[in-house]
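# Residue-level structural notes
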Amino acid sequence: QVQLVESGGGLVQAGGSLRLSCAASGLTFSKYALGWFRQAPGEERETVSAIGWNPMNTYVADSVKGRFTISRDNAKNTVFLQMNSLKPEDTAVYYCAASTNILATRWQNDYQYWGQGTQVTVSS
């Protein structure tokens, strides 16, 4: 049974930083592309960042480019999202997901497994 468990969310002031983690089990982690997504109240879920089998292969949404960094640690079966210079508009539930794609993909339909999400709230 595949499980993805996010952690690291919380309340932070604008300009602050958070590091999200997503621990995976039940799959061959190194053979999955991974992604981070977010959904704010009343909004559609959007892709934030993704990483392929090769950790140098990444996708980053324009809205977070230069502020967020995705990385993976295959030895720990964990994907990370380092979030710096946070803004109130980054407030959302953040989800991680796993895809059998080799390359990083921004398309949510490419992801087969999803975590339950972690809340990130940025105060102004």
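Chains are numbered independently. Their residues run from 1 in the order of the written sequence. Residue-level local features of this predicted model are given only where pLDDT is at least 70; pairs of side-chain atoms are given and counted only at 80 or more, and the full residue set underlies all totals for whole chains, interfaces and linings. Note that the side-chain values use all heavy atoms of the structure and ignore hydrogens as well as water.

## Topic: the pairing of strand S1 (residues 3-7)
The line we're drawing: Here's how the labels work: a residue is buried when its accessible area is under 20% of the maximum for its type, exposed when over 50%, partly exposed in between, all with a 1.4 Å probe on protein chains only. For the purposes of this entry, the term helix denotes a DSSP run of H or I that reaches at least four residues, the term strand denotes a run of E that reaches at least two, and both are numbered from the N terminus. Here the rule is simple: two strands pair whenever DSSP picks up at least two bridges between them.
Taking every second residue as pointing to the same face, the buried face of S1 carries Leu 4 and Glu 6, while none of Gln 3, Val 5 and Ser 7 on the other face is buried. Summarising the sheet, S1 and strand S3 (residues 18-25) pair through five bridges and their orientation is antiparallel. Within S3, the residue paired with Gln 3 across the bridge is Ser 25.

## Some points on the sheet that holds strand S8 (residues 78-83)
In plain terms, the rule: Between the N-to-C directions of two axes lies an angle of 0 to 180 degrees, each axis being a line fitted to C-alpha atoms and, for a helix, fitted only over the stretch in contact.
Spatially, the four strands line up as an open sheet ordered S1-S3-S8-S7, and their pairing is antiparallel. Either end of the sheet is taken by a strand with one partner, and the two such strands are S1 and strand S7 (68-73). The mean inter-strand angle of the sheet, taken between neighbouring strand axes irrespective of direction, is 15°. Across six bridges, S7 lies against S8 in antiparallel orientation. Note on S8: the bridge partner recorded for Thr 69 is Gln 82.

## What to know about the state of the cysteines
Selection rule: Any two cysteine sulfur atoms within 2.5 Å of one another count as a disulfide.
As enumerated under the stated definition, the model contains one disulfide in all. The disulfide that involves Cys 22 links it to Cys 96, with 1.9 Å between the sulfurs. Measuring handedness by torsion sign, the sulfur bridge of Cys 22 and Cys 96 sits at about 45° and is right-handed. With Cys 22 in strand S3 and Cys 96 in strand S9 (residues 92-99), the pair connects residues that are 74 residues apart, well separated along the chain. Like Cys 96, Cys 22 is buried.

## Points about the side chain of Ser 49
Our working rule: A 3.5 Å cut-off defines polar contacts: any pair of N or O atoms within that distance qualifies, except that in protein one atom must be a possible hydrogen donor and the other a possible acceptor, and neighbouring residues in sequence count only when both atoms are side-chain atoms. For this analysis, residues touch if any pair of their heavy atoms sits within 4.5 Å.
When you line up the elements, Ser 49 lands in strand S5 (residues 46-51). At 2.8 Å, the side chain of Ser 49 and the backbone oxygen of Tyr 59 are in polar contact. Excluding residues that lie within four positions of it along the chain, Ser 49 makes contacts with Leu 34, Gly 35, Trp 36, Tyr 59, Val 60, Ile 70 and Leu 81.

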